Amino acid sequence: MRIVDGMHRLRAAQLRGDESIEVEFFDGEAEDAFVLAVQQNITHGLPLSRADRTAAAKRILADHPDWADRRIAHSTGLAPGTVAALRQCSTDRNEQLNTRVGSDGRIRPLRATEGRLRASQLIADNPGASLREIATSAGIALATAKDVRDRLRQGIDPVSAKVSKTSSNSTVRANVKSAHGPAASRAALVPPVAADGVLPSLRNDPSLRTEAGRMLLQLLIAHSLDDEVKWRQLAAGVPGHRVAVVAQIARQCAEKWRHLACELDRRGL
């Protein structure tokens, strides 16, 4: 008997002295009732502020991490790029999700590169797994899982150059779109900096001469290698039977740096 939409109409009826009103009951979970309430309040009555809609999107992302950005954007009146940026900076993001559920209820895979890399990790962890098990766990097609396994058996990259290029282009387009969102996409509007040009000034900054500051500087120096040739040499130096494990650790490190960047972006707003 909780009101989903119509709080003010109920109050008006009470002030009129009405003893009963017509209602439409909603049958569903509390999370879905919240989504309905947001949808109703962006289409009529006093419009929700952008801050309210952003807060609603964050809550829906936490409740429904598998929902597509467009689906959440439609429910909250935000741009899909804004939702995508909120998802990137969400600490509640489920890293194991490889699919998104659209407004039509259909399940769609994420970028092909991520699915292929996850499949390669699954194969490395469990070489005896069936193709169907790999495809289901990685959120990719059965044919894609077979292609990944065949590539690994041949000792070549599980991600073809064509797939990698397509995925990279999609990432660039997503970043460009999210740059139109004012708060969550602030980082996309900041010009890139050369680490070797900034690190000396950071080392000489008295405010960073703390335990946390020194630790941060050590990590930044260790990860500021800006020579693409040397990075390729590092990759080439990983033995074949350790490629999948090292790649997974590298992704985990990158994820921790991303969380740090998002936290700093929020502080700088």
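The structure this text deals with has already been given above.
Read on for a plain summary of the structure.

## Re the overall build of the protein
Looking only at helices and strands, the protein features 14 helices and two strands. Within the span of the protein, comprising 269 residues, buried residues form 26% of the whole. The contacts in the protein between residues at least 6 apart in sequence include a share of 54% that link residues at least 24 apart. When the accessible surface of the protein is totalled, it reaches about 18400 Å², and 56% of it is carbon and sulfur.

## Focus: the nonpolar core
Counting 13 residues, the largest nonpolar core has I60, I72 and V83 as its most contacted members. At the level of secondary structure, the elements contributing two or more residues to this core comprise α2 (30-41), α3 (50-63), α4 (69-76) and α5 (80-88). A119, A129, A145 and V148 belong to the second largest nonpolar core, which has 10 residues in total.

## Remarks on the pattern of salt bridges
Where charged atoms from two side chains of opposite charge come close, those side chains can pair. Across all of its chains, the model carries eight salt bridges by this definition. For D69, the salt bridge goes to R87, with nearest N and O atoms at 2.7 Å. One end of the pair, D69, is in helix α4; the other, R87, is in helix α5, and 18 residues separate them in sequence. Assessed through its relative accessible area of 6%, R87 is described here as buried. A salt bridge links D147 to R116; the shortest N-O distance between them is 2.8 Å. Taken together, the residues D147 in helix α8 (residues 142-153) and R116 in helix α6 (residues 112-125) connect sequence positions 31 residues apart. The class for D147 is partly exposed, based on a relative accessible area of 28%. Relative accessible area serves as the criterion here: at 8%, R116 is assigned to the buried category.

## Notes on the environment of R258
Summarising the element assignment, R258 is placed in helix α14 (residues 243-268). For R258, a relative accessible area of 15% translates into the label buried. Put simply, R258 and Q88 are 170 residues apart on the chain and 8.5 Å apart in space, counted from C-alpha to C-alpha.

## A look at the packing of aromatic side chains
In the structure shown here, the tally under the stated rule is zero aromatic pairs. Against the face of F34 rests R59, its NZ or CZ located 3.8 Å from the ring centre. A cation sits over an aromatic face here: R71 above W67, 3.8 Å from the ring centre.

## Considering the packing of helix α7 (residues 131-138) against α8
The contact between α7 and α8 brings their axes to 8 Å, and the two run at 110°. The pairing of α7 with α8 is recorded here as roughly perpendicular in orientation. Residues L131, R132, I134 and A135 of α7 form the contact with α8, whose participating residues are L142, A145, K146 and R149. Across the contact of α7 with α8, the residue classes break down as five nonpolar, no polar and three charged.

About the criteria used
- Numbering of residues starts from 1 in every chain and runs along the sequence as written.
- Where local features are concerned, this predicted model is filtered to residues with pLDDT of at least 70; where side-chain atom pairs are given and counted, the filter is 80 or more; whole-chain, interface and lining totals use all residues.
- No hydrogens and no water enter the side-chain calculation; it runs on all heavy atoms of the structure.
- Here a strand is any run of E in DSSP of at least two residues, a helix any run of H or I of at least four, and the numbering for each starts at the N terminus.
- Each residue is assigned to one of three classes by its accessible area relative to the maximum for its type, calculated with a 1.4 Å probe on protein chains only: buried under 20%, partly exposed between the two thresholds, exposed over 50%.
- Throughout, a contact is declared for two residues whenever any of their heavy atoms are within 4.5 Å.
- Per-residue accessibility takes into account occlusion by the displayed protein chains alone, with areas from the Shrake-Rupley method and a 1.4 Å probe.
- Here, the term nonpolar core denotes a set of buried Ala, Val, Leu, Ile, Met, Phe, Trp, Tyr and Cys residues that are joined through side-chain atoms within 4.5 Å.
- In the sections that follow, a salt bridge refers to a side-chain nitrogen of Lys or Arg positioned within 4 Å of a carboxyl oxygen of Asp or Glu.
- Centre distance within 6.5 Å is the pairing criterion for rings of Phe, Tyr and Trp, where only the six-membered ring of Trp is used; planes under 30 degrees apart are then read as stacked, over 60 as edge-to-face, and the remainder as tilted.
- Counted as over-ring charges are cases with an Arg CZ or a Lys NZ within 6 Å of the ring centre that also lie within 35 degrees of the ring normal.
- Where helices are involved, their axes are fitted lines through C-alpha atoms of the stretch in contact, as for all axes, and angles between N-to-C directions lie from 0 to 180°.
- Should an angle fall under 35 degrees it is called roughly parallel, over 145 degrees roughly antiparallel, and 65 to 115 degrees roughly perpendicular, with every other angle called oblique.
- Gly is put with the polar residues, along with every residue not named as nonpolar or charged; the nonpolar set is Ala, Val, Leu, Ile, Met, Phe, Trp, Tyr, Cys and Pro, and the charged set is Asp, Glu, Lys and Arg.

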